[in-house]
Number of protein chains: 2
Amino acid sequence: MKKQAKISNAVIKRLPRYRRYLKELRKKGVDKISSNEFSTLIGYTASQIRQDLNNFGGFGQQGYGYSVDGLYHEISAILGLDKQYKMVVVGAGNLGQAIVNHTYYYKSGFIVSAIFEVNPKLIGLRINDIEVMDYENIVEYVEENEIDIGIICTTMDAAQEVADKLCFAGVKGLWNFAPVDIETPGHVAIENVHLTDSLYSLAYHINGAQEHNKK
Amino acid sequence: MKKQAKISNAVIKRLPRYRRYLKELRKKGVDKISSNEFSTLIGYTASQIRQDLNNFGGFGQQGYGYSVDGLYHEISAILGLDKQYKMVVVGAGNLGQAIVNHTYYYKSGFIVSAIFEVNPKLIGLRINDIEVMDYENIVEYVEENEIDIGIICTTMDAAQEVADKLCFAGVKGLWNFAPVDIETPGHVAIENVHLTDSLYSLAYHINGAQEHNKK
């Protein structure tokens, strides 16, 4: 993997999207693509695309364009998708169950090893053949099984305490679905999915859409 | 509601977050807050906060700060949360079911009226007492019931066709959970929740965290 210094968060956020489009192009049997063609497809300007990909050393050749397959694999490697991640889900409610089922279809690198829950009625159940365990035992489990990622599907009130426990036990990253901003030590990565914020943005745009005709 | 011209998407994206913090402050009985105090809490700079809120005419008073309750209600109104939205979910799989259950807890303005599905085994079931209906009838239903928002929880391959149908039937906005970028006519708002993109960003940061110590 190339050295990844000083890459802005905005660029990182765009990489999965580039990868998604490249995956589709591969499926369609496309071999190479110019930054102009890619621009038409993905909606970023060609110069934005070149600038983004230059962050990683640039994979294109003047007058030839990008190799779809090459770029797909490079971006996958940059994102770390050539590795495997062990994950636990905390909270076996509706959202937790949906996430377990959802990640099940990644096939590859992201494996849910266990689900943790405080509600005794749910402990012992199996979701997609993954056991729902007692939250009491989470630290021990995460340590012993060298879990990489903790997925937080708890209530707002419990989320920070759960995060603290997961960080203490040694996870490298948190994927947070609770509607609250979680604090982590600097060495633990965090990615928040604030569903409610997203819905509220949509509400704004619905009301503004007539006025501004913007998306 | 105040005139909302030329407000950047970045500001709009921050509004639900402001609102979330203000809601917490209200719960704790806090009456007013200065931009400096708000900055410590929310993590944006005080000048950023003043600039953001100035977009809407500014609600603060020099030397007094912002009224927590006043600002909370103003932002709610700007987002359009003083209105009610009728929604349909398309796709009654795990994610669709989780979204139905999730939105159930908004109590207020966002009501799921029906769920649509192509799988005959699921049609006729009830999720949270909401009927799963035949996708065949979606256009008629959306038109007759003046549905505002369509929530897309289908596969990637079906998503654009579902979106087209919903737009044709007259929804004002789409909340898309399918892992694909959907195109809508300019008058229909769209908000994408790309869960996989979010997980891949997290993977990047986990790998980069040791090097950069950034979140």
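Scroll up a little and you will see the structure.
A brief report on the enclosed structure follows.

About the cut-offs
- Residues numbered from 1 in each chain as written.
- Chains lettered and ligands numbered in written order.
- Predicted model: local features only at pLDDT ≥ 70, side-chain atom pairs only at ≥ 80, totals over all residues.
- Heavy atoms only, no water.
- Contact = heavy atoms within 4.5 Å.
- Buried area = accessible area lost by both parts, 1.4 Å probe.
- Salt bridge = Lys/Arg side-chain N within 4 Å of Asp/Glu carboxyl O.
- Polar contact = N/O pair within 3.5 Å; in protein donor to acceptor, adjacent residues only side chain to side chain.
- Helix = DSSP H or I, 4+ residues; strand = E, 2+ residues; numbered from the N terminus.
- Nonpolar A, V, L, I, M, F, W, Y, C, P; charged D, E, K, R; others polar.
- Core = buried A, V, L, I, M, F, W, Y, C linked by side-chain atoms within 4.5 Å.
- Buried < 20%, exposed > 50% of the residue type's maximum accessible area, 1.4 Å probe, protein only.
- Pairing = 2+ DSSP bridges.

So, the interface of chain B and chain A
At step 1: The partner chain A presents 67 residues to the 67 residues of chain B that form the contact.
At step 2: Of the roughly 6200 Å² buried between chain B and chain A on both sides combined, carbon and sulfur atoms contribute 59%.
At step 3: The tally of links from chain B across to chain A stands at 6 salt bridges.
At step 4: Here B:Asp197 ties to A:Arg20 by a salt bridge, and the two come within 2.8 Å at their closest N and O atoms.
At step 5: Run the count over chain B and chain A and you get 24 residue pairs in polar contact (both at pLDDT 80 or more).
At step 6: Taken together, the elements giving at least two residues each to the side of chain B that touches chain A come down to α1 (9–27), α4 (68–79), β3 (85–90), α5 (94–104), β8 (173–176), β9 (189–192) and α8 (195–212) of chain B.
At step 7: In terms of residue count, α8(B) provides more of the side of chain B that touches chain A than any other element does, 16 residues in total.
At step 8: In terms of residue class, the side of chain B that touches chain A is made up of 34 nonpolar, 18 polar and 15 charged.

Concerning the nonpolar core
At step 1: Core analysis: the largest hydrophobic core is formed by 102 residues, its most contacted members being A:Phe38, A:Ile149, A:Trp175, B:Phe38, B:Ile149 and B:Trp175.
At step 2: Setting aside residues no more than four positions away along its own chain, A:Ile149 makes contact with A:Tyr85, A:Lys86, A:Met87, A:Val88, A:Phe110, A:Val171, A:Gly173, A:Trp175, B:Leu199, B:Leu202 and B:Ile206.

Describing the sheet that holds strand β5 (residues 126–127) of chain A
All names here are of chain A.
At step 1: Spatial strand order, β5-β6-β4-β3-β7-β8-β9: 7 strands in an open sheet with mixed pairing. One side of each edge strand has no neighbouring strand; the edge strands of this open sheet are β5 and β9 (189–192).
At step 2: Sheet topology note: the strand β4 (residues 110–117)/strand β6 (residues 130–134) ladder contains 3 bridges and is parallel. Considered in β6, the bridge of glutamate 117 is made with aspartate 134.

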